[in-house]
Amino acid sequence: MIGYYAHHQGRGHLHRAECIAAHVRGPVTILSSLPRPPSWAGGWVSLPRDTADSPVDPTARGRLHWVPVHHRGHRERMGAIADWIGREVPALFVSDVSVEAATLARLMGIPVVVAAMRGDRRDEAHRLAYDLADALLAPWPQSLPEPHWPTPWHAKAVHTGGISRYDGRARPAGGGDRASRRDVVVMLGAGGADLADGQLQEAARATPGWSWTVLGGPHAEWTEDPWPVLCRATVVVTHAGQNAVAECAAARVPTVVIPQDRPYGEQHATARALRAGGLATVRDHWPPAHAWAALLAEAAARQDRWQHWSPGDGAARAGRMLTDLARRVPGGTACAPR
């Protein structure tokens, strides 16, 4: 048995958990505050929410990320994870991502894999989780490493390349010649957006030869399956979240990546890696309206190099790694084949 904690911010952590679990030889239970998706047939533990408007000492004086004092939701959340670990005694626990969940599992004697994040993770809390992890799951290519990681983190990192729920999925029939169209798809996702009111409209007005479609964010409804829209796009404009990048890579679509401000500079670090690898057209901030015509033309003309980021077997690599770790845990019980 493997336990897999999936964070509730956005949808990407849960999508990745489902992708990886499909390649694990043995049962996987997902623990999350998100609603259980209809597509998930495995074990599921619904965790209480632990948000707070006025938390007291939520970082334990800078040692952790979220441990608010005397918060019922947090206490019940940690208790639910501990109860499940004590009852099931998993061979392995995956944290994607929570320093506190990873630490709790390791305190209970369970080996831990932490899903690594780009950006500067040298704060006390991240160091704790990354140091105690038996392995770091790095969903990016080894050829584009994080430059500031200490040597021990590099030594135990398993670089899978990008992981997308669309890896291996056939392109929709009748998509036609992408080069003959001028379709822009703006994919903002469910994790928040940094766009000011009117910026999308101004960009569309400045590019009258292009047709604009918006997916997610505050400007459009959430789209559960954007794959057909991505595949017919001439250019996709998106942020630098791990899953958004992986989905564009799976679609092999020319992409403009504009990182959003996130803790620890995560998206800006991803954007730097994409720029260094020549994989996407990167801008550090949303461009002014007059710059969009040239920017879209530049992106559309870019040679496809997405296979260097996402070969298409990232979830399979991660699944093999988790299966192998679970089987070789000293004193542990190997996962039974499905």
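One numbering rule holds for all chains: residues counted from 1, following each sequence as written. For a predicted model such as this one, the threshold for reporting local features is a pLDDT of at least 70, and the threshold for listing and counting side-chain atom pairs is 80 or more; totals across whole chains, interfaces and linings nevertheless cover every residue. Here the side-chain values reflect all heavy atoms present in the structure, with hydrogen atoms and water set aside.

Caption draft 1: Highlighting the overall build of the protein chain. A count of helices and strands for the protein chain gives 11 helices and 12 strands. Taking 20 Å as the expected radius of gyration for a compact globule of 338 residues, we find that the protein chain reaches 20 Å, a close match to that expectation. Structurally, the protein chain occupies a C-alpha span of about 60 × 45 × 40 Å along its principal axes. Of all intrachain contacts in the protein chain linking residues separated by at least 6 positions in sequence, the fraction that spans at least 24 positions is 62%. Surface accessibility in these figures is a Shrake-Rupley result with a 1.4 Å probe; residues are shielded only by whichever protein chains are displayed. If you sum the accessible surface of the protein chain, you get close to 14,900 Å²; carbon and sulfur atoms cover 52% of it. The charge count includes Lys and Arg as positive and Asp and Glu as negative, but it does not include His or the ends of the chains. Where a charge lies is defined by one atom per residue type, namely NZ (Lys), CZ (Arg), CG (Asp) and CD (Glu). Charge separation in the protein chain, taken as the distance between the mean sites of 37 positive and 32 negative side-chain charges, equals 4 Å. Put simply, DSSP marks the helices as runs of H or I at least four residues long and the strands as runs of E at least two long, and each gets a number from the N terminus on. The globule rule used for comparison is 2.2 Å times the number of residues to the exponent 0.38, while the radius of gyration itself is calculated over C-alpha atoms. Residue contacts follow a heavy-atom distance rule, with two residues in contact if any of their heavy atoms lie within 4.5 Å.

Caption draft 2: Spatial organisation of the nonpolar core. Grouped together as the largest cluster of nonpolar side chains are 63 residues, with contacts concentrated most on Ile81, Phe93, Tyr130, Leu136, Leu274, Trp306 and Trp309. A total of six residues in this core trace back to one element, the largest contributor, which is helix H8 (residues 242-251). If sequence neighbours within four positions are ignored, Leu274 has contacts with Val245, Val257, Leu279, Ala280, Val282, Trp306 and Trp309. What is meant by a nonpolar core is a set of buried Ala, Val, Leu, Ile, Met, Phe, Trp, Tyr and Cys residues, joined one to another through side-chain atoms within 4.5 Å. Here's how the labels work: a residue is buried when its accessible area is under 20% of the maximum for its type, exposed when over 50%, partly exposed in between, all with a 1.4 Å probe on protein chains only. Counting 27 residues, the second-largest nonpolar core is a separate cluster that includes Tyr4, Ile20, Ile30 and Trp40.

Caption draft 3: Quick peek at unusual backbone geometry. Of note, the amide linkage connecting Asp96 to Val97 takes the cis form, showing an omega dihedral of -10 degrees. Inspection of the secondary structure assignment puts Val97 in the loop between strand E4 (92-96) and helix H3 (99-107). Phi is positive for Asp57, close to 45 degrees, though the residue is something other than glycine. Among the secondary structure elements, Asp57 is positioned in the loop between strand E3 (43-46) and helix H2 (72-88). The phi dihedral of Tyr264 is positive, around 70 degrees, even though this residue is not glycine. With respect to the helices, strands and loops of the structure, Tyr264 is situated in the loop between strand E11 (255-257) and helix H9 (266-276).

Honestly, that's just the spatial picture; any functional story needs more than this.
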